[in-house]
Each structure stands twice: as C-alpha cells, then as structure tokens.
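Here's the letter readout for the chains.
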Amino acid sequence: MQLVITGRVDPRVIQEIIARRPDLTLKVWNESGIISREQLLKWAEDADLMITMLTERVDTELLEHAPHLKIVSNMAVGFDNFDLNALEKSQVLATNTPDVLTEATAELTMALMLLVLRRLRSAEDALRQHHWTGWEPDGFLGLELYGKTLGIAGFGRIARSVVRRALAFGMRVNIFTRRALKDLPENVQQVSWEQLLESSDILSLHVPLTPQTFHLINRESLSRIKPTAILINTSRGAVIDEQALIEALRTGKLAGAGLDVFETEPLPPDSPLRALPNVTLLPHVGSATVETRLAMAQRAWHNILAYLNGQKPPDLLLPKLWPDKT
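Residues numbered from 1 in each chain as written. Predicted model: local features only at pLDDT ≥ 70, side-chain atom pairs only at ≥ 80, totals over all residues. Heavy atoms only, no water.

Asker: What is the right way to look at the overall build of the chain in this model?
Answerer: Looking only at helices and strands, the chain has 11 helices and 12 strands in total. Against the compact-globule benchmark of 20 Å for 326 residues, the chain has a radius of gyration of 22 Å, which places it among compact chains. Projected onto its principal axes, the C-alpha positions of the chain cover 65 × 50 × 35 Å. The buried share of the chain, reckoned over its 326 residues, is 49%. Of the contacts formed within the chain by residues at least 6 apart in sequence, a portion of 59% connects residues at least 24 apart. For the chain, the exposed surface amounts to about 16500 Å²; the carbon and sulfur share of it is 52%. Averaging the coordinates of the 35 positive side-chain charges in the chain and doing the same for the 39 negative ones gives two points 3 Å apart. (Helix = DSSP H or I, 4+ residues; strand = E, 2+ residues; numbered from the N terminus. Rg over C-alpha atoms; globule rule 2.2 N^0.38 Å. Buried < 20%, exposed > 50% of the residue type's maximum accessible area, 1.4 Å probe, protein only. Contact = heavy atoms within 4.5 Å. Areas by Shrake-Rupley, 256 points an atom, 1.4 Å probe, with all protein chains shown as cover. Lys, Arg positive; Asp, Glu negative; His and termini not counted. Charge placed at Lys NZ, Arg CZ, Asp CG, Glu CD.)

Asker: How do you make sense of the packing of aromatic side chains when you look at a structure like this?
Answerer: Aromatic ring pairs are described here by two measures, namely the spacing of the ring centres and the angle between the planes. Under the criterion given, the structure shown has two aromatic pairs. Aromatic side chains Trp29 and Trp43 sit 6.1 Å apart centroid to centroid with 65 degrees between the ring planes, which places their arrangement in the edge-to-face category. Placement of the pair is Trp29 in the loop between strand E2 (25–28) and helix H2 (37–44) and Trp43 in helix H2, with a sequence separation of 14 residues. Exposure remark for Trp43: the relative accessible area of 12% places this residue in the buried category. Note on Phe176 and Trp193: the rings are 5.4 Å apart at their centroids and 55 degrees apart in plane angle, and the pair reads as tilted. (Phe/Tyr/Trp six-rings, centres within 6.5 Å; stacked < 30°, edge-to-face > 60°.)

Asker: Which parts of the structure should I look at to understand the pairing of strand E3 (residues 49–52)?
Answerer: Side-chain direction in a regular strand flips from residue to residue, so the side chains alternate between the two faces of the sheet. Neither face of E3 is exposed, since Leu49 and Ile51 on one face and Met50 and Thr52 on the opposite face are all buried. Pairing analysis gives three bridges linking strand E1 (residues 2–5) to E3, with the strands arranged parallel. Within E3, the position partnered with Val4 by the bridge is Met50. With four bridges joining them, E3 and strand E4 (residues 71–74) adopt parallel strand pairing. Following the sheet pairing, Met50 is matched in E4 by Val72. (Pairing = 2+ DSSP bridges.)

Asker: Hey, could you run me through the side chain of Thr109 in this one?
Answerer: When you line up the elements, Thr109 lands in helix H5 (residues 102–117). Among the polar contacts listed, one links the side chain of Thr109 to the side chain of Thr234, at a separation of 3.1 Å. (Polar contact = N/O pair within 3.5 Å; in protein donor to acceptor, adjacent residues only side chain to side chain.)

Asker: Teacher, can you tell me more about the sheet that holds strand E5 (residues 93–95) here?
Answerer: Whether parallel or antiparallel, the strands of a sheet pair through hydrogen bonds between backbone atoms. Spatially, the five strands line up as an open sheet ordered E2-E1-E3-E4-E5, and their pairing is parallel. With partners counted over all chains shown, the strands left at the sheet margins are E2 and E5, one partner each. Each strand of the sheet is rotated relative to its neighbour by a mean of 15 degrees, with strand direction disregarded. Lying over the sheet, helix H1 (residues 11–20) contacts E1 and E2, oriented at roughly 165 degrees with respect to E2. Contacts from H2 reach E1, E2 and E3 within the one sheet, and its direction differs from that of E1 by about 165 degrees. (Axes fitted to C-alpha atoms, helices over the stretch in contact; angles between N-to-C directions.)

Asker: Just checking my understanding: could you explain the environment of Arg250 for this structure?
Answerer: Mapped onto the elements of the fold, Arg250 is located in helix H10 (residues 242–251). Through-space distance from the C-alpha of Arg250 to that of Asn278 is 9.0 Å; in sequence the pair is 28 residues apart. When residues no more than four places from it in sequence are discounted, the contact partners of Arg250 are Pro272 and Leu276.

Asker: Teacher, can you tell me more about the pattern of salt bridges here?
Answerer: When the charged atoms of two side chains lie near each other, side chains of opposite charge can form a pair. Considering all chains together, one arrives at 21 salt bridges under this definition. Note that Arg37 is salt-bridged to Asp59, the shortest N-O span being 2.7 Å. You can see Arg37 sitting in helix H2 and its partner Asp59 sitting in the loop between E3 and helix H3 (60–64), a full 22 residues away along the chain. For Asp59, a relative accessible area of 16% gives the class buried. In this structure, Arg164 engages Glu103 in a salt bridge whose closest nitrogen and oxygen atoms are separated by 3.1 Å. On the criterion of sequence distance, the pair formed by Arg164 in helix H7 (residues 157–168) and Glu103 in helix H5 is long-range, its members being 61 residues apart. (Salt bridge = Lys/Arg side-chain N within 4 Å of Asp/Glu carboxyl O.)

Right under this line is the structure:
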C-alpha cells in the first residue's frame, strides 16, 4: 500500500512509519513551499492512504483522481479543507488531530495580545531602525492586560486554555457559545453575542470555519465593538471579513488587531493589512512549535496506523463510515 504525505514532517515520524509498517511505500513532499495541486492530483492516483496538511483541498476532484484511497488524515485540528460530503459519498475515511496543538495555539493567542496592546512591534522597529534615542516617560506607551475584559467567541479546547492564561494575567473573561456553560470560575461569565461585542477590550476568536461562522466578524459586528478594543484571530482567516476589518482599522472604529490567519494564504503582497501600523501579522504559526508539530504528525500517523490494524481511528470525522463490528 502507498502512503502519501503532502508536507514536511518530523523525520522521527517517518522512521516510526518505516519501523512499524515496512510494507508501506512512501511518497513525501519534502520540497520548499506547499505541494502544487497538479502534483497532489498525480500522487493521489496511486495513494491508498494520505496524510494531508491544511493547505490541501480534499474534494470531489481529488477523490476522483484517487480510486484506491481508503483514509485521509489531516495534520490539523481544523478540517475546513475537507469536503466531508464528497468523502462520505466516496466512502473514504477522514481524521484530524485535535488536542495536540491546544497549548501552543493558546500561548500564541496571549502573545498576540501582548504584541498589540503593548505596541511591542513598533518599539522593536524603532530600536532596530536607530530611532530610539533613550528612555522617555511617555515612550512607546501601551496598555496592560491586567484588569481588561477578554471576550472569547467559541469555547473549545483552545479557548479554555486561553481562559486559564487570561485569569493568570488578572483579566475578566466573557464567553459566547451556544451551549450552556456551568460552574465557570470566578471572573468568567457566559454572555450573549451582543454583550460580547460591546463589553470586550480584547476580542479573541476560537471558532471553526463553518457556513455559520464565515465572516462572523463583519461590518455590523465591528460597529458594536468599542473603538478602543483590539481583535485577535488564531482560528481561521475567513471568520473575519477582511475588507470590513481594514476599514474599521483605518477609520479608528477598532484600535488594533493581531492576526495569525487570513482569508487568503499566503497573505497577498498587495494586502492593505501589510501597511497598517496598528496590526500585528504572523504567518499562521499558531501550532509552530517543535513539540506540537511532532505531536500533530504522530497523531495523524496513528490514525492511519489504527485503520491499518483494523481498529477505529481515534479521531474519525465521519463515524458512520466505520462498520459496526459489535
């Protein structure tokens, strides 16, 4: 059987695959940049198993090129690059990698808050460009996280991890989620969507990309946010209407933003976001730690391995496709 891996993974995972399943033949994309669509479709023709990155669309076109494909394991917690309807129709199993990137992404969320609120990017730029002439009492003044109200949209694993960190910083936390929450800790409360927008000093997005969350942050929602607030996004770029965000940042309706994800990735060279001084931009590095990327690759492989061993993959996205063996 042939296993296709569409991106560079930790060599330790390749060694484990070879050691545990020497019967597999491997095709691994080890070049710089992401695999081209043309190359991906060509490799899919002989693939029985695939480990994909979030940059690869697994849709009807790919599945039509992959007549032998049994399972595709996404090396990401999100799976908006998967057409689940097409996968179900083709009877191809699909998995993701939840849990393992929680702490890394929560850490980056807090880092973005600090970068934007404390104006750290501007301060470093001034230092590097020889514009800093010495300490001044009003130089590079930012704002503290302490005492601020953090609004969180969504309440999955990453959001819960952010809450723990925010409380350690002495923040108040408001949460919007459609399911009822119980036994929340002190200084944490569940609020309506309108209350979340209107009360947040910092609004952090932790929702999956679905038809319901597409452009969740738009002109209407931005009109409700405090002009002194900042917006943080480490989820998916299309949760924000970028044109509406750019307009709000330019006109002072929003004080700043910290973005790790974008509607189009990589961020286009002519994106107005690049020129805005009140925005911190990162190249989708939420899970970019050595520990997490290793754990993601291992979990993606272990989902494949479970299937090969006749066991139900632990992170199956379409459980209905797994035969009931009871």
